[in-house]
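Chain residues, written in single-letter form:
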Amino acid sequence: MKLPPSKPLEENYLCNGKGEFAELLSKTLSQDSGAFFKVLGKMDGVPYYVTLLVDDRKMLAVEAEEVRSGTSLVGKAAHEVLVTLLEGSVIVDAFPLSDVDVKMSVIDNIDVYNATPKVYLSEICPSIKTTAPTHEMLPEPPKPPQITPIPEKEPQPKKPKMELFLNVPSEYDPYFRVFINHLKSYGKSLGLEFRKVNIEAKEVRYALGAGSGIHAIIEIEAESNASISLHHLKENLSTRAYKEAGDLSKEIGKKVVISDVKLHLL
């Protein structure tokens, strides 16, 4: 992750378990609006280095690197590594961040941010003490007397959420979630609302020692208000998927091949 220059509040600070990490978390957040932490610990005897970005209430972005192999995990997978590391002893560097630095860090790490579940700090460390936002502490202003209430508008029906089914190697799950979010945003610009996406991906070893790659088939069900034909919609989506696969290949260090993109309009 790319993080702003910041003066550390603590360096090489030993935390024995979640309780002591919660104390350091509270101490760091008392200095400013957010923070990032560098956490070094072991999971099943394997050393991991976790970078964690938070605001005063929740986790914003998390990335974990296996020290020996250099394998990097983000989002849910990295969160699970962090939670496991905090069951034991860890070495932590703590850096307070201003509100502007927190926002800029989100922008600089938008892919990691999008892949990270927005978990409240109290779920990571139940003993954490955070300050409630100012608006929650202010009393509600008195209502003006003798005002005829305005009839409430009927709630608009919520659009169904997109269903996502991933059958991919577990270590690449977070990356394919970011991949499909990018493809969904592009589809929306064409007039498509994704309703169901299924990705089947498997690792393929090439002959003659040429290495291996990830081959994926993408099947999409979507509603459309586009002015172009199904053929052209599929063609545009496929072109974008190939481009995103190229970016994904660079990110995970392994060739990603989109074997087919299937589009069904509802």
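Here's a quick rundown of the structure. Since we're looking at a predicted model, the values are computed, not measured.

Observations concerning the sheet that holds strand β8 (residues 192-205)
- Ordered by their spatial adjacency, 4 strands build an open sheet running β7-β8-β9-β10, and the pairing between neighbours is mixed. Strands at the two margins of the open sheet, each flanked by one partner only, are β7 (163-167) and β10 (255-265). Each adjacent strand pair in this sheet contributes to an overall mean axis angle of 10°, direction not counted.
- In the sheet, strand β9 (residues 212-224) pairs with β10 via 10 bridges, with the strands oriented parallel. Bridged to Ile217 within β10 is Asp260.
- Strands β7, β8, β9 and β10 of the sheet are contacted by helix α7 (residues 173-190), whose axis makes an angle of about 140° with β8.

Notes on the sheet that holds strand β4 (residues 59-66)
- Judged by pairing direction, the sheet is antiparallel, and its 6 strands sit side by side in the order β1-β6-β2-β3-β4-β5 without closing on themselves. Of all strands in the sheet, those with a lone pairing partner are β1 (10-16) and β5 (72-74), marking the two edges. Averaged over all pairs of adjacent strands, the angle between their axes in this sheet comes to 20°, without regard to strand direction.
- With 10 bridges connecting them, strand β2 (residues 34-43) and strand β3 (residues 46-55) associate as antiparallel partners.

Considerations on the pattern of salt bridges
- For the structure shown, the criterion picks out 10 salt bridges.
- The salt bridge partner of Arg177 is Asp173, with a shortest N-O separation of 2.6 Å. Taken together, the residues span about one helical turn, with Arg177 and Asp173 both in helix α7 at a distance of 4 residues.
- Judged by relative accessible area, Arg177 falls into the partly exposed class, the value being 40%.
- Two residues, Glu244 and Arg240, come together in a salt bridge whose shortest N-O distance is 3.3 Å. Highlighted residues: Glu244 and Arg240, both in helix α8 (residues 230-252), separated by 4 residues, approximately one helical turn.
- The class for Arg240 is partly exposed, based on a relative accessible area of 28%.

Describing the packing of aromatic side chains
- For the structure shown, the criterion picks out 3 aromatic pairs.
- Aromatic pair Phe36 and Phe95: ring centres 4.4 Å apart, planes at 10°, arrangement stacked. Linking Phe36 in strand β2 with Phe95 in strand β6 (residues 89-97), this pair joins segments that are 59 residues apart in sequence.
- Classification of Phe36 as buried rests on a relative accessible area of 3%.
- Using a relative accessible area of 8% as the deciding quantity, one classes Phe95 as buried.
- Measuring from ring centre to ring centre gives 6.0 Å for Phe176 and Phe179, while their planes differ by 65°; the resulting arrangement is edge-to-face. Here Phe176 and its partner Phe179 are both found in helix α7, 3 residues apart, which amounts to about one turn of the helix.
- A residue is classified by how much of its surface remains accessible, and Phe176, at 1% relative accessible area, is buried.
- The class for Phe179 is buried, based on a relative accessible area of 3%.
- Positioned above the aromatic ring of Tyr113 is the side chain of Lys118, whose terminal nitrogen or guanidinium carbon lies 4.1 Å from the ring centre.

Things to note about the side chain of Thr28
- In this fold, Thr28 is placed in helix α1 (residues 18-29).
- A relative accessible area of 0% places Thr28 in the buried class.

Considering the environment of Ser189
- The topology assignment puts Ser189 in helix α7.
- Exposure remark for Ser189: the relative accessible area of 56% places this residue in the exposed category.
- For Ser189 and Ala226, which are 37 residues apart along the polypeptide, the C-alpha to C-alpha distance reads 9.2 Å.

Focus: a nonpolar patch on the surface
- A surface patch of nonpolar side chains, amounting to about 390 Å² of accessible area, comprises Leu14, Leu40, Tyr49, Val67 and Ile91.
- Mapping Val67 onto the fold places it in the loop between β4 and β5.
- Here Val67 falls in the partly exposed class, since its relative accessible area comes to 43%.

Cut-offs and rules
Residues numbered from 1 in each chain as written. Predicted model: local features only at pLDDT ≥ 70, side-chain atom pairs only at ≥ 80, totals over all residues. Heavy atoms only, no water. Pairing = 2+ DSSP bridges. Helix = DSSP H or I, 4+ residues; strand = E, 2+ residues; numbered from the N terminus. Axes fitted to C-alpha atoms, helices over the stretch in contact; angles between N-to-C directions. Contact = heavy atoms within 4.5 Å. Salt bridge = Lys/Arg side-chain N within 4 Å of Asp/Glu carboxyl O. Buried < 20%, exposed > 50% of the residue type's maximum accessible area, 1.4 Å probe, protein only. Phe/Tyr/Trp six-rings, centres within 6.5 Å; stacked < 30°, edge-to-face > 60°. Lys NZ or Arg CZ within 6 Å of the ring centre and 35° of its normal. Patch = residues over 30% accessible without salt bridge, like charges linked within 9 Å, V, L, I, M, F, W, Y side chains within 5 Å. Areas by Shrake-Rupley, 256 points an atom, 1.4 Å probe, with all protein chains shown as cover.

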